[in-house]
Amino acid sequence: MSDDYTILEGYNSDADLGLGCGLPTQFAKIKKGDVVVDLGSGAGNDCFVARYEVGDTGKVIGIDFTPKMIERARANAEARGFNNVEFREGDIEQMPITSNTANVIVSNCVLNLVPNKDGVFKEIFRVLKPGGHFSISDVVLEGALPEGLRRDAELYAGCVSGAIQKNVYLELIQSNGFENISIQKVKPINIPNDILKNYLNDEEISTFKNGTAGIFSLTVFAQKPLTNRNETCTPGGGCC
Ligand SMILES: C[S@@+](CC[C@H](N)C(=O)[O-])C[C@H]1O[C@@H](n2cnc3c(N)ncnc32)[C@H](O)[C@@H]1O
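To keep things clear, this report deals only with the structure shown in the data block. (Residues numbered from 1 in each chain as written. Predicted model: local features only at pLDDT ≥ 70, side-chain atom pairs only at ≥ 80, totals over all residues.)

Notes on helix H2 (residues 45-54)
In terms of residue burial, H2 counts as a mostly covered element, since nine of its 10 residues are buried. Along H2, the positions that sit buried rather than exposed are Asn 45, Asp 46, Cys 47, Phe 48, Val 49, Ala 50, Arg 51, Glu 53 and Val 54. Along its buried surface, H2 packs onto helix H1 (24-27), strand E1 (35-39), strand E2 (59-64), helix H3 (67-79), strand E3 (85-89) and strand E4 (102-108). Downstream of H2 by a residue or two, Gly 55 has a phi angle that is positive, lying close to 70°. (Buried ≥ 20, exposed ≤ 12 C-beta atoms within 10 Å, placed from the backbone. Helix = DSSP H or I, 4+ residues; strand = E, 2+ residues; numbered from the N terminus. Contact = placed C-beta atoms within 7 Å.)

Shown next as structure tokens:
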């Protein structure tokens, strides 16, 4: 599923475990001096690209709940002498980050693994500064996956079976108050037949391949409004 990161400035091969499904940092409109947060940062792949873009005056924070990933990411940062890239162990459903901190949030192939996606979008909204934005690459579905694929734990870990429908994903973003929502990239993901064979019989594979259901890598952008409407309300002001 992973894209070619070697084209991006700041790329660090030690941090590239081939676990992504897009290039969110390519689309994230990161500026010098920004504070960038990467959700499910793994070994730090997107953090190091973001670090190049924020420069010495910015800051990058990666969050991951797997201690081994945090260890690897920290070792990669230390080896390069970066002191403005930090890795925090924690769950992105309850981010270890103060509200209104980030100019930009990125994430690559992580939200599909989280059961409470609505909770993560709420946390993203909390952590972004007013006017801040996110660019997230993730796996989404269109149509119904065959039962054998949906229930399999190995494919869940491989970022497919935990994915939700694209329209539901976009609705979650909207219902959490984000604006300027735009799809930056969509890429179909083809599961090779030799993998499908582990989960489906020949007839099911053929039905799936000839059907309309599909698995996609989606990169989506959205912005937290500059002003919180509720904050501008005054008693009797009637602005809500
Ligand atoms: C498919 S890997 C992607 C890693 C990285 N974004 C990349 O592209 O190389 C998913 C990562 O998300 C982390 N992860 C999954 N669920 C998480 C959660 N609820 N909170 C924090 N990290 C999580 C995993 O530990 C893993 O490092």
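Topic: the site of the ligand
Around the ligand, the surrounding shell holds 21 residues, and the nearest of these are Gly 20, Gly 40, Gly 42, Thr 66 and Asn 108. The residue makeup of the shell around the ligand, split by class, is 11 nonpolar, seven polar and three charged. (Near = placed C-beta within 6 Å. Nonpolar A, V, L, I, M, F, W, Y, C, P; charged D, E, K, R; others polar.)

Here's the deal with the pairing of E2
By the criterion of burial, E2 is predominantly enclosed, with six of the six residues buried. Residues of E2 alternate between two faces, with Lys 59, Ile 61 and Ile 63 on one and Val 60, Gly 62 and Asp 64 on the opposite face, all of them buried. In the sheet, E1 pairs with E2 via five bridges, with the strands oriented parallel. Residue Asp 38 lies in a different strand from E2, and its bridge partner there is Gly 62. Pairing between E2 and E3: five bridges, direction parallel. Counterpart to Gly 62 in the pairing with E3 is Phe 87. Traced from E2 through H3 to E3, the parallel crossover comes out right-handed. (Pairing = 2+ DSSP bridges. Right-handed = clockwise from strand over helix to strand, strands pointing away.)

Scope: geometric values only; no functional claims are made or implied.
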